[in-house]
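Descriptive analysis of the structure
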Amino acid sequence: MSEAVLSGVESGVLRVTLNRPERLNAFNLAMHAGLAAAFDQAEADAAVRAVLVTGAGRAFSAGADLQERKPGEPVDLGESLEQRYNPLVKRMRALEKPVVCAVNGVAAGAGANFALACDLVLAARSASFIQAFVKIGLVPDCGGTWFLPGLAGVQRAMGLAMTGERLSAEDAERWGLIWKCVPDDQLMAEAAKLATALAQGPTRTLGLIKKAIYSGTERNLQQQLDLERDLQRSLGDSADYREGVAAFREKRAPKFTGR
Ligand code: LHQ
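In this text, all values refer to a predicted model and were calculated from it rather than measured experimentally. (Residues numbered from 1 in each chain as written. Predicted model: local features only at pLDDT ≥ 70, side-chain atom pairs only at ≥ 80, totals over all residues. Heavy atoms only, no water.)

Taken together, 4 strands build an open sheet; the order of strands is β4-β6-β8-β9 and the sheet is mixed. Either end of the sheet is taken by a strand with one partner, and the two such strands are β4 (59–61) and β9 (166–168). Here the average twist between neighbouring strands, direction ignored, is 20°. Sheet analysis places β4 next to strand β6 (residues 106–108), joined by 2 bridges and oriented parallel. (Pairing = 2+ DSSP bridges. Helix = DSSP H or I, 4+ residues; strand = E, 2+ residues; numbered from the N terminus. Axes fitted to C-alpha atoms, helices over the stretch in contact; angles between N-to-C directions.)

Right under this line is the structure:
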């Protein structure tokens, strides 16, 4: 049996590929285990300075595997969120390294919201996003009810969640759900270029940018100004800050080491 998740490091980027193309990369236990192992490595390995997530085959991910359980088999969906999906989303957001997502095809249900949990999302022009949950009688999960209103506004979030309509990659970009929609044949090159550039960036700083931006929604301006002060103070004696300023003054490109 082939591995449900493929991973490998190149130029400081851990590439993580969802690899169940025959099931449109639907999430099963093996895929969760593979993702957990990949993020273990992303957290622990100092050589990894950015993560790039994508899907094998024609889809990004069709969400939870709806064929795994026998019809009528009792199921605790809350437990599967608590044990697997929610820890995955939390650790992606908490990882102090950038996570880029290359959405290569349809992203439905938990697959769509797993993509939105990444820090920067690129999508192929032919890709699409579907909050498919309502079609099987569920609410959006994997953070969708939190990400969507923040990214696209309450009305658009409500429309996507209540209708389960397909949103094209172009509209996803226009609505602010994703960073960029790119031509299909350029997706992986663009995503690799972005992830590699981030992997050469001031890693500690990028981690703190995530922290500041993601906590902004929970705080008022005064609290956010205080947080920015504290984060900036902690970066003031970093090697990358010194290098950045030196490079500016010497009119050359900086060489960041991530320290
Ligand atoms: C699939 C799936 C799939 C298995 C396509 N599973 N095989 C739920 C429960 C647990 C806890 C956590 O939270 C969740 C959250 C969720 O994610 S709920 C939402 C689950 N996802 C969906 O409802 C989406 C279901 N899939 C679709 O609507 C379509 O497949 C899409 C729109 C994604 C793609 O459509 P097509 O391009 O027309 O492909 P297809 O439908 O023909 O699918 C191709 C194959 O993949 C097919 O198998 P087959 O053997 O007939 O070729 C599908 O059965 C299989 N597949 N999604 N989620």
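Near the ligand lie 24 residues; those nearest to it are R58, A62, A64, L66 and D141. Between the ligand and the protein, one listed contact pairs a nitrogen atom with a backbone N or O atom of A62 at 2.8 Å. The contact in question runs from a nitrogen atom of the ligand to an N or O atom on the backbone of A64, over 2.9 Å. A total of 4 residues in the shell around the ligand trace back to one element, the largest contributor, which is helix α2 (residues 77–94). (Near = heavy atom within 4 Å. Polar contact = N/O pair within 3.5 Å; in protein donor to acceptor, adjacent residues only side chain to side chain.)

This part covers the packing of helix α1 (residues 29–44) against α2. As a packed pair, α1 and α2 sit with axes 11 Å apart at the nearest point and diverge in direction by 25°. Between α1 and α2, the interaxial angle falls into the category roughly parallel. Considering how the two elements wind past one another, α1 and α2 form a crossing that is left-handed. Facing α1, whose interface residues are L29, H32, L35, A36, F39, D40 and E43, α2 presents R84, Y85, L88, R91 and M92. Here the contact of α1 with α2 is composed, by residue class, of 7 nonpolar, 1 polar and 4 charged. (Parallel < 35°, antiparallel > 145°, perpendicular 65-115°, else oblique. Left-handed = near helix turned anticlockwise from the far one by under 90°. Contact = heavy atoms within 4.5 Å. Nonpolar A, V, L, I, M, F, W, Y, C, P; charged D, E, K, R; others polar.)

So, about the pairing of strand β2 (residues 13–18). Of all 6 residues that make up β2, 5 are buried, and the element is covered over most of its length. With 6 bridges joining them, strand β1 (residues 5–10) and β2 adopt antiparallel strand pairing. Note that in β2 the partner of V5 across the bridge is L18. The hairpin formed by β1 and β2 contains 2 residues between the paired strands, and S11 there has a positive phi angle of roughly 50°. (Buried < 20%, exposed > 50% of the residue type's maximum accessible area, 1.4 Å probe, protein only.)

Another point: the sheet that holds strand β7 (residues 120–124). If you walk across this open sheet you meet the 6 strands as β1-β2-β3-β5-β7-β10, and the pairing is mixed. Each having just a single partner strand, β1 and β10 (180–182) make up the two edges of the open sheet. Sheet twist, expressed as the average angle between the axes of neighbouring strands with direction ignored, equals 20°. As judged from the 3 bridges shared by β7 and β10, these two strands associate in the parallel manner. Bridging across to β10, A124 finds its partner in V182.

It is worth spelling out the nonpolar core at this point. In this structure, L35, F39, V51, F60, V103, F114 and F129 are the most contacted members of the largest nonpolar core, which totals 62 residues. When near neighbours in sequence (up to four residues on either side) are disregarded, F129 contacts V103, A107, A112, A115, A123, E165, R166, L167, A169, A172 and I178. If you look at the next biggest cluster of nonpolar residues, it comprises 5 residues, including L208, L227, L231 and L235. (Core = buried A, V, L, I, M, F, W, Y, C linked by side-chain atoms within 4.5 Å.)

On to the pairing of strand β3 (residues 50–55), then. Most of β3 is tucked away: 6 of the 6 residues are buried. Side chains of β3 alternate between two faces, with A50, L52 and T54 and V51, V53 and G55 buried alike. Bridge count for β2 against β3 is 6 bridges, and the pairing is parallel. Counterpart to T17 in the pairing with β3 is T54. What joins β2 to β3 is α1, and the crossover it makes is right-handed. Both β3 and strand β5 (residues 99–103) contribute to a ladder of 4 bridges, which runs parallel. Bridge pairing links V51 to V99 in β5. (Right-handed = clockwise from strand over helix to strand, strands pointing away.)

This part takes up helix α8 (residues 203–216). In this model, α8 (14 residues) spans 20 Å end to end at C-alpha, consistent with the 20 Å of a helix rising 1.5 Å per residue. Where α8 is concerned, the buried positions are T203, L206, G207, L208, K210, A212, Y214 and S215. Considering only its buried residues, α8 is in contact with α2, β5, α4 (144–152), α7 (187–199), α9 (221–235) and α10 (239–249). (Expected span 1.5 Å × (residues − 1).)

In short, the description is geometric, and any link to function would need to be established separately.
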